[in-house]
Amino acid sequence: MTVLVLAADVDPTADAVAETLNHRDVPVFRCDTSWFPNRLALDAEMTEAGWRGVLRTERRAVALEGLRSVWYRSPTACAVPDGMSPAERWHATHEAKFGFGGVLWSLPVRWVNHPGRQADMYKPTQLAVAQRCGLTVPATLSTNQADAVRRFADRYPDGIIMKPFGFGSILEEGGRKALNTRLLSDSDLADLRGIETTAHQFQPFIQKAYEVRLTVVGSRMFAAAITAHSAAAKIDFRSDYDALTYQVVDVPCRVSGGVRAFMTQFGLAFGAFDFIVDPTGEWWMLECNASGQYGWIEDKTGLQITSAIADVLAKGL
């Protein structure tokens, strides 16, 4: 039985898991969804036993019924052939998504994670679910109204931060720019022009003893404390990785119970959670990335996350 790895062409994390599975003599078929239909072919028929057929590249093939699990590791969208008109491209792209994707998404195998479950994980939804699961979440404002932001800011003397709901970067001026968490200044609050154009997320600035990246794989939890040693990193640790130190920590029972309930609610087998731990020891859940990076945490702490992912994929259902 084979593990299907759906990942971008360049992905060292996917490489590490595939290599670990190979060392265990577990067959791996790795491809990117962007290979379809130019470099990847699908031949599938609906039978009394469900979809049966083959995924095939120029060099390899795998039977759909021969899959034990799928690692959905941030693959890229299907890329239809060049030379089509805009109407043809729109039609072919959507047919690829619904036809190729629909067959794969229906397979009754272990998913880490199923794309349908990941698609449900809007950040406001996450916060509501986390709260119902017993986790502590920050007060949060979602708005496109300047008066609402100023009203919210008046309640928090330590200030408020703004961060995106979705992507952590943007393509601009020919390059990719990070959209890090921002602590709003008085001048920012005085001039909120443009806020009306879309939804924005605001939260109180929480004083940090440290942050925690909690990586959950199946039933196992790998928690790393991240302590910031610069002003920028204390607002968003991604802005200054050189100013960070790491330490393996235990997860309080109340937090682990809430996280397990959260994973069950969303149907996840993998999640990368971000927490703030304040000076009183309270754990504040910020978000869960269902396909989050963990390689640098593994490198810094020695936590065996890659091995745990391989365990889940190799086991299947």
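Here, every reference points to the structure presented above.
Position numbers for residues start from 1 in each chain and track the written sequence from start to end. Two thresholds apply to this predicted model, a pLDDT of at least 70 for residue-level local features and 80 or more for giving and counting side-chain atom pairs, whereas whole-chain, interface and lining totals are computed over all residues. Side-chain figures throughout are based on the complete set of non-hydrogen atoms in the structure, without hydrogens or water.

## Structural notes on the side chain of Thr57
Phase 1 of the analysis: Strands are runs of DSSP state E lasting at least two residues, helices are runs of H or I lasting at least four, and both sets are numbered from the N terminus onward. By the element assignment, Thr57 lies in the loop between strand S4 (50-56) and strand S5 (61-63).
Phase 2 of the analysis: Buried, partly exposed and exposed residues are distinguished by accessible area as a fraction of the type maximum, computed with a 1.4 Å probe on protein chains only: under 20%, between the cut-offs, and over 50%, respectively. Relative accessible area serves as the criterion here: at 15%, Thr57 is assigned to the buried category.

## Here's the deal with the sheet that holds S5
Backbone hydrogen bonds hold the strands of a sheet together, and the pairing may be parallel or antiparallel.
Phase 1 of the analysis: Two strands qualify as a pair provided that DSSP identifies no fewer than 2 bridges between them. In space, the three strands of this open sheet follow the order S3-S4-S5, with antiparallel pairing throughout. Because the sheet does not close on itself, it has two edges, and the strands there are strand S3 (41-47) and S5. When the angles between neighbouring strand axes are averaged without regard to direction, this sheet yields 10 degrees.
Phase 2 of the analysis: With three bridges connecting them, S4 and S5 associate as antiparallel partners. Across the sheet, Val54 pairs through a bridge with Ala63, a residue of S5.
Phase 3 of the analysis: Note on contacts: a residue pair is in contact if any heavy atoms of the two residues lie within 4.5 Å. Note on geometry: axes are lines fitted to C-alpha atoms, helical ones only across the stretch in contact, with angles between N-to-C directions running from 0 to 180 degrees. Sheet contacts for helix H2 (residues 86-105): S3 and S4; angle to S3, the most-contacted strand, approximately 60 degrees.

## Details of the sheet that holds strand S9 (residues 160-163)
Phase 1 of the analysis: If you trace the four strands from one edge of the open sheet to the other, you get S8-S13-S9-S12, paired in antiparallel fashion. Strands at the two margins of the open sheet, each flanked by one partner only, are strand S8 (141-143) and strand S12 (182-183).
Phase 2 of the analysis: Where S9 and S12 come together, two bridges link them in antiparallel fashion. For Ile161, the partnering residue across the bridge sits in S12 and is Leu183.
Phase 3 of the analysis: Together, S8, S9 and strand S13 (200-204) form the strand contacts of helix H5 (residues 146-153), whose direction differs from that of S8 by roughly 165 degrees.

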